[in-house]
Number of protein chains: 2
Amino acid sequence: MGDPTQLTELSVHAFLERLGSSDPVPGGGSASALAAAMGAALVAMVAELTIGRPAYAQHEETVRKLRFDAIERRAELLDLAQQDADAYDLVVRARHMPKDSEAERAARNAAVGTATIAATRAPLRAAVVAGEVLDLAERIAPIGNRNAVSDAGVAALLAAAGLRGAVLNVRINLPYLPADEPLGDSAPGELDRLEAKATRGAAAAMAAVADRLEATN
Amino acid sequence: MGDPTQLTELSVHAFLERLGSSDPVPGGGSASALAAAMGAALVAMVAELTIGRPAYAQHEETVRKLRFDAIERRAELLDLAQQDADAYDLVVRARHMPKDSEAERAARNAAVGTATIAATRAPLRAAVVAGEVLDLAERIAPIGNRNAVSDAGVAALLAAAGLRGAVLNVRINLPYLPADEPLGDSAPGELDRLEAKATRGAAAAMAAVADRLEATN
């Protein structure tokens, strides 16, 4: 286990080295949240390149709101990338607790259960927020600056991939949740709904991007 | 236009702020390459968590090779994220050149054309390398450490999204290539082939991940 406390302060280069190391933290949960955060940043960029341009004046108010929402989601996803790493670090630590006696096993099971709840909630929230980023990308694709329409498309692709990746990270944790944890019952339906949203949202955004690419080619 | 020379030395946090700014550089091309680089890093991590474990000894040699290949792809994609930013920065600079006289317009057109070739080659190469990362993810998903199978899945998702995002960045540039540039003829077929690969590879990797998640639930 490394020191996951300053993940987003690492350079991009150092973060990728850490991600690829034998340390399981950070892993796919943080990478998924960061992919969706890049999607949110791209929505904000497309909005920035649209606001104040006379050709897009009719959408000014909508695009300002999209920018605001994208910046908020970017910050939350960055935070969730860190939370995912912190939570999974606790799971790994709990699994390393001794299990020689009945008392030790009980303490270990309780610690693993508590840590797993946090390690499940972080990617579940990341999947929800990634879905919101996908909505923003889908909305800006048809009305944002045409020169940046590929950026709106990349935003949708990264949000959808981040959503699906976060869902995988929830799924792998579900069997290790404490039996009395309500998430165990509520999560599966929520995950199916989120995955369906990723499919629908990405297809809609990409169709809008393709329309605008063709219109000018 | 900002200073794109030290993109991967920025902190993750600062990179995301720069990505979301009104500066068109870095944009979706760099973000796509970085998403695929995260995928490559995750393949390397899954390999690290598999190598030397008795339960996976039968795949040791294969997994060592996958790790080596993943680390190479991660480095190249990081480099391509920078190349994409540098190349697009030159396109933006060329578009700002004066176009008041016939001579100025000719010089500007030539500069835009040359810069567009570089700005097309970088994402085209990124799409090819992202496709290679997808192959690696597909190969490690069924044989890597089962505890990290969701990471193999995220690797595939990010590689596929990076591939598709890079393809979009090639497509948006195609109409601006000089008429005599061979890429204009060869790229469309290549892009279709790469997108088909993203669809097939991501589906295959996710099926392998789902199989292994179900086998232990």
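Everything here concerns the structure above.
Remember, it's a predicted structure, so these values are computed and weren't measured experimentally. (Residues numbered from 1 in each chain as written. Chains lettered and ligands numbered in written order. Predicted model: local features only at pLDDT ≥ 70, side-chain atom pairs only at ≥ 80, totals over all residues. Heavy atoms only, no water.)

Chemist: Which parts of the structure should I look at to understand the overall build of chain A?
Modeler: Per the secondary structure count, chain A includes six helices and zero strands. Helices (α) and strands (β) of chain A occur, in sequence order from the N terminus, as α-α-α-α-α-α. Principal-axis analysis of the C-alpha atoms gives chain A an extent of 70 × 35 × 30 Å. Sorting the 217 residues of chain A into buried and exposed places 56% on the buried side. When contacts within chain A are restricted to residue pairs at least 6 apart in sequence, long-range pairs at least 24 apart make up 78% of them. Roughly 8,600 Å² of accessible area belongs to chain A as shown, and the carbon and sulfur atoms make up 53% of that amount. Within chain A, one finds 22 positive and 29 negative side-chain charges whose respective centroids are separated by 3 Å. (Helix = DSSP H or I, 4+ residues; strand = E, 2+ residues; numbered from the N terminus. Buried < 20%, exposed > 50% of the residue type's maximum accessible area, 1.4 Å probe, protein only. Contact = heavy atoms within 4.5 Å. Areas by Shrake-Rupley, 256 points an atom, 1.4 Å probe, with all protein chains shown as cover. Lys, Arg positive; Asp, Glu negative; His and termini not counted. Charge placed at Lys NZ, Arg CZ, Asp CG, Glu CD.)

Chemist: Any chance you could explain the packing of aromatic side chains here in plain terms?
Modeler: Two measures describe an aromatic ring pair: the distance that separates the ring centres and the angle between the ring planes. Evaluation of the coordinates by the stated rule reveals zero aromatic pairs over all chains. Over the ring of Tyr176(A) we find Arg95(A), and its NZ or CZ is 5.3 Å from the ring centre. (Phe/Tyr/Trp six-rings, centres within 6.5 Å; stacked < 30°, edge-to-face > 60°. Lys NZ or Arg CZ within 6 Å of the ring centre and 35° of its normal.)

Chemist: Got a minute to help me understand the packing of helix 2 (residues 28–48) of chain B against helix 5 (residues 149–173) of chain B in this structure?
Modeler: Any two packed helices are characterised by the angle at which their axes cross and by the distance between the axes. Residues and elements named next belong to chain B. Running from N to C, helix 2 and helix 5 cross one another at 155°; their axes reach a closest spacing of 7 Å. One element, helix 2, and the other, helix 5, form an angle in the roughly antiparallel class. Regarding helix 2 and helix 5, the two cross each other, and that crossing is left-handed. Residues Gly28, Gly29, Ser32, Ala35, Ala36, Met38, Gly39, Leu42, Val43, Met45 and Val46 of helix 2 form the contact with helix 5, whose participating residues are Asp151, Ala152, Val154, Ala155, Leu158, Ala159, Gly162, Gly165, Ala166 and Asn169. Grouping the constituent residues of the contact of helix 2 with helix 5 by class yields 13 nonpolar, seven polar and one charged. (Axes fitted to C-alpha atoms, helices over the stretch in contact; angles between N-to-C directions. Parallel < 35°, antiparallel > 145°, perpendicular 65-115°, else oblique. Left-handed = near helix turned anticlockwise from the far one by under 90°. Nonpolar A, V, L, I, M, F, W, Y, C, P; charged D, E, K, R; others polar.)

Chemist: Would you mind going over the interface of chain B and chain A with me for this structure?
Modeler: In many reports, interface size means the accessible area that the parts give up when they come together. With 55 residues of chain B at the interface, the matching set in chain A holds 55 residues. Together, the buried faces of chain B and chain A total about 4,400 Å²; carbon and sulfur atoms form 73% of this surface. Taken together, the links from chain B to chain A amount to two salt bridges. Across the salt bridge formed by Arg74(B) and Glu17(A), the nearest N and O atoms sit 3.9 Å from each other. In this structure, the connection of chain B to chain A is made through 10 residue pairs in polar contact (both at pLDDT 80 or more). Elements represented by at least two residues in the side of chain B that touches chain A include exactly helix 1 (12–19), helix 2, helix 3 (60–95), helix 5 and helix 6 (183–216) of chain B. With 14 residues, helix 5 of chain B is the single largest residue contributor to the side of chain B that touches chain A. Of the residues that constitute the side of chain B that touches chain A, the class distribution is 31 nonpolar, 15 polar and nine charged. (Buried area = accessible area lost by both parts, 1.4 Å probe. Salt bridge = Lys/Arg side-chain N within 4 Å of Asp/Glu carboxyl O. Polar contact = N/O pair within 3.5 Å; in protein donor to acceptor, adjacent residues only side chain to side chain.)

Chemist: Hey, could you run me through the nonpolar core in this one?
Modeler: What tends to happen in soluble globular proteins is that the nonpolar side chains get buried as a cluster. With 148 residues, the main nonpolar core has Leu16(A), Met38(A), Leu16(B) and Met38(B) as its most contacted residues. Beyond its immediate sequence surroundings of up to four residues, Met38(A) is in contact with Leu158(A), Phe15(B), Leu16(B), Leu19(B), Ala31(B), Leu34(B), Ala35(B) and Met38(B). (Core = buried A, V, L, I, M, F, W, Y, C linked by side-chain atoms within 4.5 Å.)

Chemist: Explanation requested: the relation of the copies chain B and chain A in the structure shown.
Modeler: What connects the two chain copies is a rotation about an axis and a shift along it. Structural alignment of chain B on chain A gives an RMSD of 0.0 Å, achieved by rotating through 180° and translating 0.0 Å along the axis. Within this description, the copies of the chain are treated as partners about a two-fold rotation axis. Of the C-alpha atoms belonging to chain B, the one lying closest to the rotation axis is found on Ser11(B), 1.9 Å away. Comparing contact sets, 100% of the residues at the interface of chain B also lie at the interface in chain A, consistent with an isologous, same-surface contact. (Least-squares fit on C-alpha atoms with pLDDT ≥ 70 in both.)

Chemist: What am I meant to see in the pattern of salt bridges here?
Modeler: Under the defined criterion, the tally for this structure stands at 30 salt bridges over all chains. Here Glu132(B) and Arg73(B) are joined by a salt bridge, their closest N and O atoms 2.7 Å apart. One end of the pair, Glu132(B), is in helix 4 (residues 102–140); the other, Arg73(B), is in helix 3, with 59 residues separating them in the sequence. A relative accessible area of 16% places Arg73(B) in the buried class. A single network of salt bridges, built from pairs that share partners, joins Glu72(A), Arg73(A) and Glu132(A).

Chemist: In this structure, what is going on with the side chain of Thr50(B)? I would like to understand it.
Modeler: All names here are of chain B. Structurally, threonine 50 is set in the loop between helix 2 and helix 3. Assessed through its relative accessible area of 2%, threonine 50 is described here as buried. Dropping the residues within four chain positions of it, threonine 50 is found in contact with Tyr56, Glu60, Val63, Ile143, Gly144 and Asn145.

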